[in-house]
Amino acid sequence: LQKWASRNRIHAFRLYDADLPDYAFAVDWYDGYAVVQEYAPPASIPTHKAEKRTLEMLQTLPDVLNIKADKIILKERRQQKGRNQYQKLKQKKVEHSIKEGQATLKVNLSNYLDTGLFLDHRPLRLRFAQLPAESRFLNCFCYTASASVHAARAGALTTNVDLSNTYLRWAEENFRLNHLDVNRHQFIQFDCTEWLKLCRDRFDTIFLDPPSFSNSKRMASTLDIQRDHVALIKAAMRLLNKNGRLYFSTNLRSFKLSPLLKAQYQIKDISQETIDEDFKRNQKIHYCFEFSSLS
């Protein structure tokens, strides 16, 4: 992947994702750092065997990647639900700035399971970098608002909604890193499912990338994306300008888009065109759909 990354000026990408079943890790490259996520081994694998494989991986990576051992960050990735996926890990803080297209984005490589940048959404973020100036961009479940940074750099006016104040402050930091005036953009701490029902504004582009499941105590109810995606998309489509586009994405591998939506909107499955070279081995890394009105 090195030539591809170099040619496309990509500084953060996935190197390896359990390509060898016995070595169940994901390895991501972040401009001089390797973030290793160890998938929890099945119960049938003895603990000592799993630990041996982890050691082999950690001993091999510095030579292969030509980096020092202290540039490798190891995390264990288990099936997470609700707040657990956002809990801090007890590691020394390693923050870094990554270039992506024309944008600079802050990542925290050590303290959370996720780094602040979902690498598989790179092609979609770069699509938002082409938005017309002064167009209105809504990013619901915005996380650290990396997609909005690309839109804002293009001149779009962004509205960013998330339940987490921590991530909204991180989002503002990303805007400042790019010399964007945060006062021209909105950062709203709210339950997105409720906010979409209350909002009266209109937008030219809407990005919905909700978690597969959430049971945060601050939400009015739980969110189950398979169960709730129809209501969520309908609420968002109500806010879309006539010639606008809504992009809905989910990482739920078993996801099935409801046929009810196909009767109401023009829908294009853009999953394959939003999966870049580093995720081609995993065709189900995410599903992505483009919605527009029928008329």
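Residues numbered from 1 in each chain as written. Predicted model: local features only at pLDDT ≥ 70, side-chain atom pairs only at ≥ 80, totals over all residues. Heavy atoms only, no water.

1. Considering the overall build of the protein chain
Put simply, the rule is: Here a strand is any run of E in DSSP of at least two residues, a helix any run of H or I of at least four, and the numbering for each starts at the N terminus. It is over C-alpha atoms that the radius of gyration is taken, and the globule rule equals 2.2 Å times the number of residues to the power 0.38. Here the term buried applies to any residue with accessible area under 20% of the maximum for its type, exposed to any over 50%, and partly exposed to those in between, with areas from a 1.4 Å probe on protein chains only. Contacts are residue-level and defined by heavy atoms, with any inter-residue pair within 4.5 Å sufficient. Here, Shrake-Rupley sampling with a 1.4 Å probe gives the accessible areas, and only protein chains in the shown set may cover a residue. A positive count includes Lys and Arg, and a negative count includes Asp and Glu. His and the chain ends are not counted in either. A charged residue contributes its charge at one atom only: NZ of Lys, CZ of Arg, CG of Asp or CD of Glu.
On a plain count of helices and strands, the protein chain comes out with eight helices and 15 strands. Whereas a compact globule of 295 residues would reach a radius of gyration of roughly 19 Å, the protein chain reaches 19 Å, a difference of no more than 12%. With respect to the three principal axes, the spread of C-alpha positions in the protein chain is 60 × 40 × 35 Å. For the protein chain, with 295 residues in total, the buried portion stands at 52%. The contacts in the protein chain between residues at least 6 apart in sequence include a share of 63% that link residues at least 24 apart. Of the roughly 15000 Å² of accessible surface on the protein chain, a fraction of 50% belongs to carbon and sulfur atoms. Taking the average location of the 45 positive side-chain charges in the protein chain and that of its 33 negative ones, the two points are 3 Å from each other.

2. Focus: the side chain of arginine 14
Inclusion rule: Polar contact criterion, stated in full: a pair of N or O atoms within 3.5 Å, where within protein one must be able to donate a hydrogen and the other to accept it, and residues adjacent in sequence count only if both atoms are side-chain atoms.
Mapped onto the elements, arginine 14 comes out in strand β1 (residues 12–17). Since its relative accessible area comes to 10%, arginine 14 is described here as buried. Here the side chain of arginine 14 touches aspartate 28 through a polar contact of 2.7 Å, side chain to side chain. Beyond its immediate chain neighbours, meaning those up to four positions away, arginine 14 contacts Leu1, Ala26, Val27, Asp28, Gln37, Tyr39, Leu119, Asp278, Phe279 and Arg281.

3. Some words on the side chain of threonine 205
Looking at where threonine 205 falls in the secondary structure, it is placed in strand β10 (residues 203–208). Given the relative accessible area of 6%, threonine 205 is considered buried. Setting aside anything within four residues of it in sequence, one finds threonine 205 in contact with Phe128, Leu131, Arg136, Phe137, Leu138, Leu240, Arg245 and Tyr247.

4. Some words on the sheet that holds β10
The criterion, for reference: The pairing criterion is simple: DSSP has to find at least two bridges between the two strands. Only the contacting stretch of a helix is used when fitting its axis, a line to C-alpha atoms as for every element, and angles between N-to-C directions run 0 to 180 degrees.
With respect to topology, seven strands assemble into an open sheet ordered β9-β8-β7-β10-β13-β15-β14, the strand pairing being mixed. Pairing within the sheet leaves two strands with one partner each, and these edge strands are β9 (186–189) and β14 (265–269). Recorded for the sheet is a direction-independent mean angle of 15° between the axes of neighbouring strands. Where β14 and strand β15 (residues 287–293) come together, five bridges link them in antiparallel fashion. Paired with aspartate 269 across the bridge in β15 is phenylalanine 289. Running at roughly 170° to β9, helix α5 (residues 165–177) makes contact with β8 (157–162) and β9 of the sheet. Sheet contacts for helix α7 (residues 225–237): β10, β13 (240–250), β14 and β15; angle to β13, the most-contacted strand, approximately 160°.

5. Section: the confidence of the model for the protein chain
For the record, the criterion: The predictor's confidence in any single residue is recorded as pLDDT, a number from 0 to 100.
Summing up the model confidence of the protein chain, the mean pLDDT is 92 and the portion of residues at 70 or higher is 94%. The low-confidence segment residues 80–86 (pLDDT under 50) makes 13 contacts with residues lying over four places distant or belonging to another chain.

6. Concerning the pattern of salt bridges
Condition: Each reported salt bridge corresponds to a side-chain nitrogen of Lys or Arg within 4 Å of a carboxyl oxygen of Asp or Glu.
Applying the stated criterion across every chain yields a total of 20 salt bridges. With its nearest N and O atoms 3.2 Å apart, the salt bridge here joins glutamate 173 to lysine 106. In this pair, glutamate 173 is assigned in helix α5 and lysine 106 in strand β6 (residues 103–108), connecting sequence segments 67 residues apart. Judged by its relative accessible area of 36%, glutamate 173 is partly exposed. Residue lysine 106 is classed as buried on the basis of its relative accessible area of 11%. Salt-bridge contacts for arginine 127 lead to glutamate 273; the nearest nitrogen and oxygen are separated by 2.9 Å.

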